[in-house]
Amino acid sequence: MEEQTSQGSFVAYGHQDILTAAIGRPEHPSRVRATGVGVMIKQYFGPAPRTSHTSSSMAPKDLEQLTQQIKDQLEESITKKVTRQLMLSFSQM
């Protein structure tokens, strides 16, 4: 397997890693290797850290300005497309 990997004929992808290929059977989902029966990922590694979905590295004022810029650009783009379509429709009449 190592030789195939080094030559590029075996490429690990997702759950099909080199150990799974060597053993010849897929891993059981939600289990941790070599920990014994019944040990689940959360029990072994602990709960996943909580992250805020609203956290941003930008200041709220900067984020608000960026949002407004995007809205303005989107509105301008839509207006241009609609105008172009209307002009095309009228010219075909």
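Predicted model, so just to flag it, every value in this text is computed and none were measured.

What counts, and where the lines are drawn
- Residues numbered from 1 in each chain as written.
- Predicted model: local features only at pLDDT ≥ 70, side-chain atom pairs only at ≥ 80, totals over all residues.
- Heavy atoms only, no water.
- Helix = DSSP H or I, 4+ residues; strand = E, 2+ residues; numbered from the N terminus.
- Buried < 20%, exposed > 50% of the residue type's maximum accessible area, 1.4 Å probe, protein only.
- Areas by Shrake-Rupley, 256 points an atom, 1.4 Å probe, with all protein chains shown as cover.
- Salt bridge = Lys/Arg side-chain N within 4 Å of Asp/Glu carboxyl O.
- Patch = residues over 30% accessible without salt bridge, like charges linked within 9 Å, V, L, I, M, F, W, Y side chains within 5 Å.

A. Highlighting the overall build of the chain. Along the backbone of the chain there are four helices and zero strands. N-terminal to C-terminal, the α/β element order of the chain is α-α-α-α. Split into buried and exposed, the 93 residues of the chain put 3% on the buried side. Element-wise, carbon and sulfur atoms account for 58% of the exposed surface of the chain, whose accessible area totals about 8900 Å².

B. Fine view of the pattern of salt bridges. Following the criterion strictly, the structure yields one salt bridge and no others. In this structure, the salt-bridge partner of Lys-80 is Glu-76, at a minimum N-O distance of 3.4 Å. Within this pair, Lys-80 and its partner Glu-76 are both found in helix 4 (residues 60–91), separated by four residues, close to a single helical turn. Taking the relative accessible area as the measure of exposure, Glu-76 reaches 46% and is therefore partly exposed.

C. Focus on the environment of Glu-2. By secondary structure assignment, the location of Glu-2 is in helix 1 (residues 2–7). Put simply, Glu-2 and Ile-18 are 16 residues apart on the chain and 8.1 Å apart in space, counted from C-alpha to C-alpha.

D. Up close: a nonpolar patch on the surface. A cluster of nonpolar residues, Leu-74, Ile-78, Val-82, Leu-86, Phe-90 and Met-93, forms a patch on the protein surface that exposes about 670 Å² of accessible area. Structurally, the position occupied by Val-82 is in helix 4.

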